[in-house]
Amino acid sequence: MRILLTGGAGYIGSHTALAVLDAGHEPVLLDNFSNSVPDVVDRLGEIAGRPLTIVNGDVRDPGLVRSTLAAERIDAVIHFAASKAVAESVADPLSYYANNVGGTLAVLEAMEAEGVRSFVFSSSATVYGGPQRLPLDEDHPTQAVNPYGQTKLMCENMLMDLVRADRGWRASILRYFNPVGAHSSGLIGEEPTGIPNNLMPLVTRAALGEIDRLQVYGTDYPTPDGTAVRDYIHVVDLARGHVAALDALGKGEALQLYNLGTGRGTSVLELIAAFVQATGASVPHVTAARRPGDVAAMYAAVGKAERELGWRTMHDLAQMCADSWRFATRPK
Ligand SMILES: NC(=O)c1ccc[n+]([C@@H]2O[C@H](COP(=O)([O-])OP(=O)(O)OC[C@H]3O[C@@H](n4cnc5c(N)ncnc54)[C@H](O)[C@@H]3O)[C@@H](O)[C@H]2O)c1
């Protein structure tokens, strides 16, 4: 199959491009480089041993998406392109609705017009809001607690309506937990253009001395060591989950929905300890008050993806840390 990856130069998209190639499909990337650098595409080519096709542009340009779908004879789309920083979404909600909801709508309209009706969507565990029970299964009620989460829920709802209205559509909604790690080559990984939003890039920056100390927000949560617990998943496992979801699109329900996580919760202090153990680096850190809006613990029920997609994670926390560090310390 020929697969269009919107946001394909980004963190998860770039790793998925390699997983798509590994599975014998042809990835075509479309990115406006608003949160990535064109150089990623060269590095992907280096890993793949041949150049990959990249279209430079915005998913909200309907002419561009339509012409790409047609010219590249695309069979299915994995839609990663979005803005993802929660705090920024609170400060600037309209740009989040425009890019995330407007972008998804524009891609779906272009697909409808070109008769491409197979779609995999990057959603997030953030759509569960504060957990009412753990682990979080796919039937857990959803609730957006910030504009970013709201945009993901709106896109999920748009897809559900679309599939209900037209049985020709097949869609898979993937709710990611906390992606970390990097490709084993050390050539691609998470490289946010601004201040990192996620924990692991802050851990590596603290270990590199690029920030003075990592702030550990909240030490009085009802968790074993008092710090917040999350479900960290290696980005290469997450990438493989997309291929499994693509393969399942033609089978079973027209609308599929899966958590992609490991099912294991790890606290901030456990993550720091695992990082120190795996890399030998030290991570200067200080404790700080809880951040408003953070929840104590989130981790996935992963049985549905394991059963129905035949997918399971293969990398442990030590590998996540070692691979993140290899990428952070690569020769630049
Ligand atoms: N990384 C996470 O922690 C996480 C967790 C849950 C869900 N997600 C979702 O997964 C997807 C990918 O996340 P990521 O971590 O790879 O982010 P990322 O920022 O690294 O990648 C997104 C890519 O999309 C591109 N992009 C953004 N808006 C665009 C537009 N209008 N047109 C074309 N390209 C555009 C960016 O330049 C970037 O390369 C996003 O939808 C994100 O919301 C990420």
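Higher on the page you've got the structure.
Residues numbered from 1 in each chain as written. Predicted model: local features only at pLDDT ≥ 70, side-chain atom pairs only at ≥ 80, totals over all residues. Heavy atoms only, no water.

**Q** How should unusual backbone geometry be read in this particular structure?
**A** Peptide bonds are mostly trans, and most non-glycine residues show a negative phi. The omega torsion across Leu-134 and Pro-135 is -5°, close enough to zero to call that bond cis. Mapped onto the secondary structure, Pro-135 falls in the loop between strand S5 (118-124) and helix H6 (147-165). Phi at Phe-33 takes a positive value of approximately 55°, unusual for a residue other than glycine. By secondary structure assignment, the location of Phe-33 is in the loop between strand S2 (26-31) and helix H2 (39-48). On the basis of relative accessible area, Phe-33 is assigned to the buried category, the value being 16%. The backbone phi angle of Arg-73 is positive, close to 50°, even though this residue is not glycine. (Helix = DSSP H or I, 4+ residues; strand = E, 2+ residues; numbered from the N terminus. Buried < 20%, exposed > 50% of the residue type's maximum accessible area, 1.4 Å probe, protein only.)

**Q** I would appreciate a short explanation of the nonpolar core in the present structure.
**A** Inside soluble globular proteins, nonpolar side chains tend to come together where they are buried. By size, the foremost hydrophobic cluster in this structure holds 35 residues, and its most contacted members are Leu-44 and Leu-260. Every element with two or more residues in this core is listed here: strand S1 (2-6), helix H1 (11-22), H2, strand S4 (76-79), strand S6 (170-176), helix H8 (235-248), strand S11 (255-260) and helix H10 (303-309). Counting residues per element, this core draws most heavily on H8, which supplies eight residues. The contacts of Leu-260, once residues within four sequence positions are left out, are Leu-174, Arg-175, Tyr-176, Phe-177, Ile-233, Leu-238, Gly-241, Ala-305 and Trp-311. Leu-4, Val-65, Ala-81 and Met-160 belong to the second-largest nonpolar core, a separate cluster that totals 29 residues. (Core = buried A, V, L, I, M, F, W, Y, C linked by side-chain atoms within 4.5 Å. Contact = heavy atoms within 4.5 Å.)

**Q** What am I meant to see in the packing of helix H3 (residues 62-71) against helix H5 (residues 93-114) here?
**A** A pair of packed helices is characterised by two quantities: the angle between their axes and the separation of those axes. It is the contact of H3 with H5, at a shortest axis distance of 9 Å, that shows an interaxial angle of 45°. One element, H3, and the other, H5, form an angle in the oblique class. Regarding H3 and H5, the two cross each other, and that crossing is right-handed. Packed against H3, whose contacting residues are Pro-62, Val-65, Arg-66, Leu-69 and Ala-70, the element H5 presents Ala-110, Met-111, Ala-113 and Glu-114 at the interface. Among the residues making up the contact of H3 with H5, the classes are represented as seven nonpolar, no polar and two charged. (Axes fitted to C-alpha atoms, helices over the stretch in contact; angles between N-to-C directions. Parallel < 35°, antiparallel > 145°, perpendicular 65-115°, else oblique. Left-handed = near helix turned anticlockwise from the far one by under 90°. Nonpolar A, V, L, I, M, F, W, Y, C, P; charged D, E, K, R; others polar.)

**Q** Where do I start with the site of the ligand in this structure?
**A** Lining the immediate surroundings of the ligand are 29 residues, of which Asp-31, Asn-35, Ser-36, Asn-99 and Tyr-148 lie closest. A distance of 2.9 Å is found between an oxygen atom of the ligand and a backbone nitrogen or oxygen belonging to Tyr-11. Only H1, S5 and H6 provide two or more residues apiece to the shell around the ligand. The leading source of residues in the shell around the ligand is S5, at three residues. Each residue belonging to the shell around the ligand can be placed in one class, and the counts come to twelve nonpolar, twelve polar and five charged. (Near = heavy atom within 4 Å. Polar contact = N/O pair within 3.5 Å; in protein donor to acceptor, adjacent residues only side chain to side chain.)

Scope: geometric values only; no functional claims are made or implied.
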